[in-house]
Amino acid sequence: MQQLFRDMSLSAVAAGFLAVLVSYAGPLAIFFQAGAAADISTQMMTSWVWAISMGAAVSGILLSLWLKAPIVTAWSAPGTALLVTLFPELSLNEAVGAYITAAVIIFVIGVSGTFDAFVRAIPKGVAAGMMAGILFQFGVGAFTAIESTPALAIGMLLAYVVFRRLVPKYTLVLLLIVGIGLAVVLEDASLAGVRLSMAVPQFITPEWNLGSTLSLAIPLVLVSLTGQFLPGMAILQGAGYRVKAKPVIAVSSLISLPMALFGGITTVVAAITAAICTGKDAHEDPSRRYVAGVFNGVFYLVGGLFAGTIVALFTSLPAAFVAVLAGLALLGAIANNLFAALEDAGQREASLITFIVTASGLSLFGLSSAFWGVVIGFGCHAITRAVPANPR
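Per chain, the residues get numbers from 1 upward, laid out in the order the sequence is written. Whole-chain, interface and lining totals are the exception, using all residues; otherwise, since this is a predicted model, local features are given only for residues with pLDDT of at least 70 and side-chain atom pairs are given and counted only at 80 or more. In computing side-chain values, all of the structure's heavy atoms are included and hydrogens and water are not.

S.K.: Outline the overall build of the chain, listing residues and values.
M.R.: The helix and strand labels rest on DSSP assignments: H or I over at least four residues marks a helix, E over at least two residues marks a strand, and numbering proceeds from the N terminus. Within the chain, the secondary structure is distributed over 19 helices and 2 strands. Taking 2.2 N^0.38 as the reference for a compact globule, 392 residues should give roughly 21 Å; the C-alpha atoms of the chain span a radius of gyration of 20 Å, in line with that estimate. In terms of overall dimensions, the chain has a C-alpha envelope of 65 × 50 × 45 Å along the principal axes. Of the roughly 16400 Å² that the chain leaves accessible, carbon and sulfur atoms contribute 67%. Averaging the coordinates of the 17 positive side-chain charges in the chain and doing the same for the 15 negative ones gives two points 15 Å apart. The globule rule used here is 2.2 Å times the number of residues to the 0.38 power, and the radius of gyration it is set against is calculated over C-alpha atoms. The protein chains shown are the only cover counted for residues, whose accessible areas, like all others here, come from Shrake-Rupley with a 1.4 Å probe. A residue counts as positive if it is Lys or Arg and as negative if it is Asp or Glu; His and the chain ends are not included. Charge positions are represented by NZ for Lys, CZ for Arg, CG for Asp and CD for Glu.

Dropping the structure here:
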């Protein structure tokens, strides 16, 4: 602990705070859409936010101190997006059971050292196509909101484009501030009910069945490994941190288990916000940037304790605000996954089919479109690899 205080710097603390703020400004909006789809109470929504914040806080602090690297953890944003497509047919108890199953599978993959082999076994284009399909509806939702609240939606869209051009690093934070201002001025949103409020976690009894395992647990494992752990570890490696995946996956998945019982979806390595804490803006000396990871966890801890305040803020704003914020926050992820899905000409058709099936919202035999997207896409990929092309 003494070394932490010696290595502490204002820039590292600020980087940790900014990473948390970006997560709450963007990916958290998807969580509120999932809560609306499940029609849960404000108290349960508070428990969800408490659980995902605490999972990120504890894992981030432990891993950063242990490995002396800026390990930024968060909740699975693509996994949360998947929830929106499954509720309300999927019960909250079944979702929690699927969270636990996914965490156990990820833990086994992590500690067995088969992470790299597992990721290699999944065609890159098929995995990217599934993720793009899951996220696509959120991008569409940002623009369909123009029908109901044109001034708010267009105002936030213009702000997003301007901020992306001028201050890309702070786009989501500034968009959140501008969006709240526009909601108050244009939609008469009231913030009178927003006050400091401590979270009271709500225990959820898990339930297991084959349908929830195939529709949620398995796709959650896929998107967590390929969409979060893989790019998150790549960002760490690219910044010069030779961190092995085994301890990172093991700790984050173990912490996911108790958090799941209070509504917390799988804890993963952050991919979107990791770069904030691993770059030179956090500190010139790479060996002291781990402080950013520690304080990222500390600020998540504060956010979790006052999850009731965060929920009060989001629920006091119009639904269109959340839809636009979530959609615009995911535009970069949609673009990156579409590019990855279509990049390889040999996989392009199978990847495109995966994307279309997943985005279609297909539900067959009680199984989600994400499951069928992977199954059909993987099948198409196998056929195209096995059958030689006709040169005509």
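S.K.: Give me the packing of aromatic side chains: which residues, what numbers.
M.R.: In this analysis, rings of Phe, Tyr and Trp, with Trp reduced to its six-membered ring, are considered paired at centre separations within 6.5 Å, and the interplanar angle assigns stacked below 30 degrees, edge-to-face beyond 60, and tilted for intermediate values. For the coordinates displayed, the defined rule picks out 7 aromatic pairs. With a centroid separation of 6.0 Å and an interplanar angle of 75°, the aromatic rings of Trp75 and Tyr300 are classed as edge-to-face. Residue Trp75 is located in strand 1 (residues 73–75), and its partner Tyr300 is located in helix 14 (residues 290–305); the two are separated by 225 residues in the primary sequence. Residue Trp75 shares its accessibility class with Tyr300, and that shared class is buried. Grouping aromatic residues by their ring pairs yields a cluster made of Phe31, Trp48 and Phe87. The cationic tip of Lys68 hangs over the ring face of Tyr290; the distance from NZ or CZ to the ring centre is 5.3 Å. Only protein chains enter the calculation, and the probe is 1.4 Å; a residue is then buried if its accessible area is under 20% of its type maximum, exposed if over 50%, and partly exposed in between. Working rule: Lys NZ or Arg CZ, within 6 Å of ring centre, within 35 degrees of ring normal, means a charge sits over the ring.

S.K.: Can you tell me about helix 4 (residues 42–67), naming the residues and giving the values?
M.R.: Working rule for helices: expected span equals 1.5 Å times residues minus one. A rise of 1.5 Å per residue sets the reference length of helix 4, with its 26 residues, at 38 Å; its end C-alpha atoms lie 37 Å apart and thus fit the reference within 8%. Downstream of helix 4 by one or two residues, Lys68 has phi in the positive range, about 50°.

S.K.: Give me the lowdown on the packing of helix 8 (residues 124–148) against helix 9 (residues 150–166), citing residues and values where you can.
M.R.: Inter-axis angles, ranging from 0 to 180 degrees, are taken between N-to-C directions of lines fitted to C-alpha atoms, where helices are fitted over the stretch in contact. Put simply, helix 8 and helix 9 touch, their axes get as near as 6 Å, and they point 145° apart. Seen from helix 8, the contacting residues are Ala142, Phe143, Ala145, Ile146, Glu147 and Ser148; seen from helix 9, they are Pro150, Ala153, Ile154 and Leu157. Residue composition of the contact of helix 8 with helix 9, grouped by class: 8 nonpolar, 1 polar and 1 charged. Whether two residues touch is decided by their heavy atoms; if any such pair falls within 4.5 Å, the residues are in contact. Residues are grouped as follows: Ala, Val, Leu, Ile, Met, Phe, Trp, Tyr, Cys and Pro are nonpolar; Asp, Glu, Lys and Arg are charged; all remaining types, including Gly, are polar.

S.K.: Outline the packing of helix 3 (residues 27–38) against helix 5 (residues 77–86), supporting the account with residue identities and numerical values.
M.R.: How two helices pack is summed up by the angle between their axes together with the distance between the axes. Contact geometry for helix 3 and helix 5: axes closest at 8 Å, N-to-C directions at 25°. By the criterion of interaxial angle, the relationship of helix 3 to helix 5 is roughly parallel. Between helix 3 and helix 5 the crossing geometry is left-handed. Across the interface between the two elements, Pro27, Ile30, Phe31, Gln33, Ala34 and Ala37 of helix 3 pack against Ala77, Thr80, Ala81, Leu83 and Val84 of helix 5. Within the contact of helix 3 with helix 5, the residues separate by chemical class into 9 nonpolar, 2 polar and no charged. By the definition adopted for this analysis, an angle is roughly parallel if under 35 degrees, roughly antiparallel if over 145, roughly perpendicular if from 65 to 115, and oblique otherwise. Crossing handedness follows the turn of the near helix against the far one: under a right angle anticlockwise gives a left-handed crossing, and clockwise gives a right-handed one.

S.K.: Describe in detail a nonpolar patch on the surface, supporting the description with residues and values.
M.R.: Each patch is built from residues that are more than 30% exposed by relative accessible area and take part in no salt bridge. Like charges join if they lie within 9 Å; nonpolar side chains (Val, Leu, Ile, Met, Phe, Trp, Tyr) join within 5 Å. For this analysis, a salt bridge means a side-chain nitrogen from Lys or Arg found within 4 Å of a carboxyl oxygen belonging to Asp or Glu. Nonpolar side chains collect at one region of the surface, where Val184, Val185, Leu186 and Leu191 lie side by side and expose about 320 Å² of accessible area between them. Its place among the elements puts Val184 in helix 10 (residues 171–187). The exposure class of Val184 is partly exposed, given its relative accessible area of 33%.

S.K.: Tell me about the side chain of Glu94, and name the residues and values.
M.R.: On the secondary structure map, Glu94 appears in helix 6 (residues 92–111). Apart from the residues within four sequence positions on either side, Glu94 is in contact with Glu89, Glu207, Asn209 and Ser212.

S.K.: Requested: an account of the layout of surface pockets, with residues and values cited.
M.R.: In this model, the second largest pocket occupies a volume close to 360 Å³. Along the walls of the second largest pocket sit 16 residues, with Leu21, Tyr24, Gly303, Ile310 and Leu313 positioned nearest its centre. Of all elements in the fold, only helix 2 (10–25), helix 14 and helix 15 (307–315) reach the threshold of two or more residues within the lining of the second largest pocket. The element that contributes the greatest number of residues to the lining of the second largest pocket is helix 2, accounting for 5 residues. A cavity, in this analysis, means grid points on a 1 Å lattice covering only the protein atoms where a 1.4 Å probe fits yet has no way out; a pocket is instead an open set bounded by protein on both sides within 12 Å along at least five of seven lines, and a residue lines either one if it has an atom within 4 Å of a point. Grid points are joined across faces, edges and corners, and a volume is the space filled by probe spheres set on the points.

S.K.: Describe the nonpolar core, with residues and values.
M.R.: In plain words, nonpolar cores are sets of buried Ala, Val, Leu, Ile, Met, Phe, Trp, Tyr and Cys residues tied together by side-chain atoms within 4.5 Å. Membership of the largest hydrophobic core comes to 114 residues, with the highest contact counts inside it found for Leu28, Trp48, Trp75, Leu216, Phe314 and Phe321. Among the elements that take part in this core, helix 4 stands out by supplying 11 residues, more than any other. With sequence-adjacent residues up to four places away left out, Trp48 is seen in contact with Phe31, Ala34, Gly35, Ile40, Phe87, Leu92, Ile204, Phe262 and Gly263.

S.K.: Outline the environment of Thr213, listing residues and values.
M.R.: Tracing the backbone through its elements, the reader meets Thr213 in helix 11 (residues 210–238). In this structure, the C-alpha to C-alpha distance between Thr213 and Tyr241, residues 28 residues apart in sequence, is 35 Å. Not counting residues within four places of it along the chain, the set of residues in contact with Thr213 comprises Thr101, Ile218 and Pro219.

S.K.: Can you break down unusual backbone geometry residue by residue, with the values?
M.R.: Phe87 connects to Pro88 through a cis peptide bond whose omega is 0°. One can find Pro88 in the loop between helix 5 and helix 6. Even without glycine at this site, Asp39 takes up a positive phi of about 55°. Classification of Asp39 by relative accessible area gives exposed; the value is 67%. The phi dihedral of Lys68 is positive, around 50°, even though this residue is not glycine.

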